[in-house]
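So the chains spell out like this:
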Amino acid sequence: MERCYLRGSAAMGVIIREAAAGKVLDDFVRLPFSLYQGIEAWVPPIISDNRKYVTGKSNYMNQAGPNARIVAYLDGVPAGRLLYGINEHLNHAKGFREGYLSLFECIDSQIVADAMLDHARSWFREKGIEYMKGPLSLPGGDDCRGFLIDNFESPTYVMQTYNHKYYNDLFSAYGFEKYLDCYGYDIKDDQEDIRKFERLVPLAMKRYGYTVDRIDLTNMDREMRDVKKIIEMSMPDDWDDFIPPNDEEIALIAKQLIPYADPDFIYIARTLEGEPIGFDIALPDYNMVLKRMNGRLLPFGILKYMKYRKKIDRLRVFVLFVVPEYRKKGVSGAIYLNMWRKGIEKGYKRGEASTIWEYNKPMITDIKEFIGEPYKTYRLYRMNV
């Protein structure tokens with residue numbers, strides 16, 4: 001599949017090619033390395049792992065519905081890329097006819113951006129889709145969500161997005177409008193806040209009758225059953241962008257989690273009778289290691305990983321769920337306290353809680369109490385097709 005788009009003179013022709021395999025897929029994977037060369041905040045992914053990721057071999061993308069990848073060439077040189085698809089499970093559950101956009105990268109050229117978005121829009125129309133939304137995580141993921149609109153200087157945490165500022169301008173000029181914002185919160189070693197929670201958390205746990213324990217990586221079947229139950233009980237029906245994971249997705253989460261998890265940062269809260277009521281998922285910021293590997297495991301990448309992973313001193317908190325009847329009973333604070341106290345013991349100095357959707361009011365309320373105001377904002381866009 002190849003299409004030519006002309007904007008202005010013939011010299012400005014943009015060629016769109018499908019990134020199914022071979023050189024075009026390589027161009028899709030490697031394009032960010034040229035777009036972000038010399039930018040400190042960008043972290044190169046491991047090329048071999050990223051190829052599996054963008055083709056759906058390490059996530060739930062292909063099971064969720066049809067999808068496609070394209071690369072835009074300008075004068076024969078890779079100038080943009082885009083992945084788009086349909087999450088049929090979400091559409092069926094919510095009654096939507098929605099398409100998602102993901103992994104957008106582009107030179108500072110409205111011509112190139114328009115050509116890719118035109119291509120995706122045509123594809124969606126052929127499949128009866130009413131509107132497109134993005135950038136979104138691939139189905140089942142918790143990364144690559146939204147375009148960063150502020151704070152382009154702070155470090156980019158593991159599985160978090162970074163982009164050029166002009167990406168927002170390219171989408172707006174094409175006709176997209178803001179859909180929602182998501183927030184990132186900067187976690188600091190604040191001993192005063194920790195002392196406050198050390199006073200309040202034990203009182204709440206005793207009053208409301210619950211415990212907070214580290215995840216047991218040797219009993220993941222039980223732990224993930226409890227995680228799934230908490231999500232099903234906690235996720236509001238009016239969250240348009242989420243549905244609870246099925247058993248296959250839960251199994252994939254567990255498979256991906258075990259090699260990288262530190263049980264000191266993942267906790268499950270349960271009542272004294274053993275009923276699960278809350279959990280978090282947090283990981284050491286492996287971007288501190290990936291930054292030194294430049295996308296390659298061989299010949300020296302593995303050695304760098306083994307050396308520098310011991311020096312990680314940042315943490316990313318991905319999710320925290322609490323069932324409705326235990327909100328405002330200190331469960332979030334108890335999980336944060338245990339997590340951050342362990343981090344301080346291990347020499348961690350900073351962390352990030354992200355990305356929190358602006359309609360997740362209970363979590364924003366809790367996180368403001370413990371951390372404060374957001375320090376990064378990620379914007380998602382929507383447009384009729």
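The following refers to the structure shown. If you're wondering where the values come from, they're calculated on a predicted model, not measured in any experiment.

The rules behind the values
- Residues numbered from 1 in each chain as written.
- Predicted model: local features only at pLDDT ≥ 70, side-chain atom pairs only at ≥ 80, totals over all residues.
- Heavy atoms only, no water.
- Helix = DSSP H or I, 4+ residues; strand = E, 2+ residues; numbered from the N terminus.
- Buried < 20%, exposed > 50% of the residue type's maximum accessible area, 1.4 Å probe, protein only.
- Contact = heavy atoms within 4.5 Å.
- Core = buried A, V, L, I, M, F, W, Y, C linked by side-chain atoms within 4.5 Å.
- 1 Å grid on protein atoms, 1.4 Å probe; cavity = no way out; pocket = protein on both sides within 12 Å on 5 of 7 lines; lining within 4 Å.
- Points joined across faces, edges and corners; volume = space filled by probe spheres on them.
- Nonpolar A, V, L, I, M, F, W, Y, C, P; charged D, E, K, R; others polar.
- Patch = residues over 30% accessible without salt bridge, like charges linked within 9 Å, V, L, I, M, F, W, Y side chains within 5 Å.
- Areas by Shrake-Rupley, 256 points an atom, 1.4 Å probe, with all protein chains shown as cover.
- Salt bridge = Lys/Arg side-chain N within 4 Å of Asp/Glu carboxyl O.
- Pairing = 2+ DSSP bridges.
- Right-handed = clockwise from strand over helix to strand, strands pointing away.

Comments concerning the environment of Tyr 166
(1) Moving on: When you line up the elements, Tyr 166 lands in helix H6 (residues 166–174).
(2) Moving on: Under the relative-accessibility criterion, Tyr 166 is labelled buried at 16%.
(3) Moving on: In this structure, the C-alpha to C-alpha distance between Tyr 166 and Cys 106, residues 60 residues apart in sequence, is 9.4 Å.
(4) Moving on: Among residues more than four places away in sequence, those in contact with Tyr 166 are Cys 106, Ile 107 and Asp 108.

A few points about the nonpolar core
(1) Moving on: One finds Leu 101, Phe 104 and Phe 124 to be the most contacted residues of the largest nonpolar core, which totals 129 residues.
(2) Moving on: Per element, the largest residue contribution to this core is 8 residues, and it comes from helix H5 (residues 110–126).
(3) Moving on: If sequence neighbours within four positions are ignored, Phe 124 has contacts with Tyr 84, Gly 85, Ile 86, Gly 99, Tyr 100, Leu 101, Ile 129, Met 132 and Val 385.

Brief notes about empty space enclosed by the protein
(1) Moving on: As enumerated under the stated definition, the model contains 2 cavities of 30 Å³ or more in all.
(2) Moving on: The computed volume of the largest cavity comes to approximately 40 Å³.
(3) Moving on: The wall of the largest cavity is formed by Ile 215, Met 224, Val 227, Leu 257, Ile 266, Tyr 267, Ile 268, Phe 279, Asp 280 and Ile 281.
(4) Moving on: Elements represented by at least two residues in the lining of the largest cavity include exactly helix H8 (220–234), strand S10 (267–271) and strand S11 (276–284).
(5) Moving on: Residues belonging to the lining of the largest cavity are distributed by class as follows: 9 nonpolar, no polar and 1 charged.
(6) Moving on: By volume, the second largest cavity amounts to about 40 Å³.
(7) Moving on: Around the second largest cavity sit Val 317, Phe 318, Val 319, Leu 320, Tyr 336, Ala 353, Ile 356, Met 363 and Ile 367, which together line it.
(8) Moving on: For the lining of the second largest cavity, the elements supplying multiple residues, two or more each, are strand S12 (314–322), strand S13 (350–357) and helix H13 (361–370).
(9) Moving on: For the lining of the second largest cavity, the class distribution of residues is 9 nonpolar, no polar and no charged.

Section: a nonpolar patch on the surface
(1) Moving on: Side chains of Leu 297, Leu 298, Ile 302 and Met 306 sit close together on the surface and give an oily, nonpolar patch of about 360 Å² of accessible area.
(2) Moving on: You can see Leu 297 is positioned in the loop between helix H10 (287–293) and helix H11 (301–308).
(3) Moving on: The partly exposed category is assigned to Leu 297, whose relative accessible area is 33%.

Thoughts on H6
(1) Moving on: Burial in H6 covers these residues: Tyr 166, Tyr 167, Asn 168, Leu 170, Phe 171 and Tyr 174.
(2) Moving on: Elements that come into contact with the buried residues of H6 comprise helix H1 (22–35), strand S5 (98–106), H5, strand S6 (131–134), strand S7 (147–148) and strand S14 (376–384).
(3) Moving on: Two residues or fewer after H6 comes Gly 175, characterised by a positive phi angle close to 125°.

Let's talk about the pairing of S13
(1) Moving on: Burial of S13 is extensive: 7 of the 8 residues sit out of reach of the surface.
(2) Moving on: With 7 bridges connecting them, strand S8 (residues 177–188) and S13 associate as antiparallel partners. Pairing of Gly 184 across the sheet is with Ser 354, part of S13.
(3) Moving on: Bridge count between S12 and S13: 4 bridges; the pairing is parallel. Note that in S13 the partner of Leu 315 across the bridge is Gly 351.
(4) Moving on: Once the chain exits S12 it traverses helix H12 (residues 331–345) before rejoining the sheet at S13, and the crossover so formed is right-handed.

Focus: the pattern of salt bridges
In a structure, side chains of opposite charge can pair up when their charged atoms sit close to one another.
(1) Moving on: Counted according to the given criterion, the structure contains 24 salt bridges.
(2) Moving on: One salt bridge in this structure joins Asp 26 and Arg 51, with 2.5 Å as the shortest N-O distance. In this pair, Asp 26 sits in helix H1 while Arg 51 sits in helix H2 (residues 47–54), placing the two residues 25 residues apart along the sequence.
(3) Moving on: With a closest N to O distance of 2.3 Å, Asp 186 and Arg 350 form a salt bridge. Taken together, the positions of Asp 186 in strand S8 and Arg 350 in strand S13 put the pair 164 residues apart, joining distant regions of the chain.
(4) Moving on: Each of Lys 178, Asp 181, Glu 358 and Arg 379 takes part in salt bridges that share partners, so that together they form one network.

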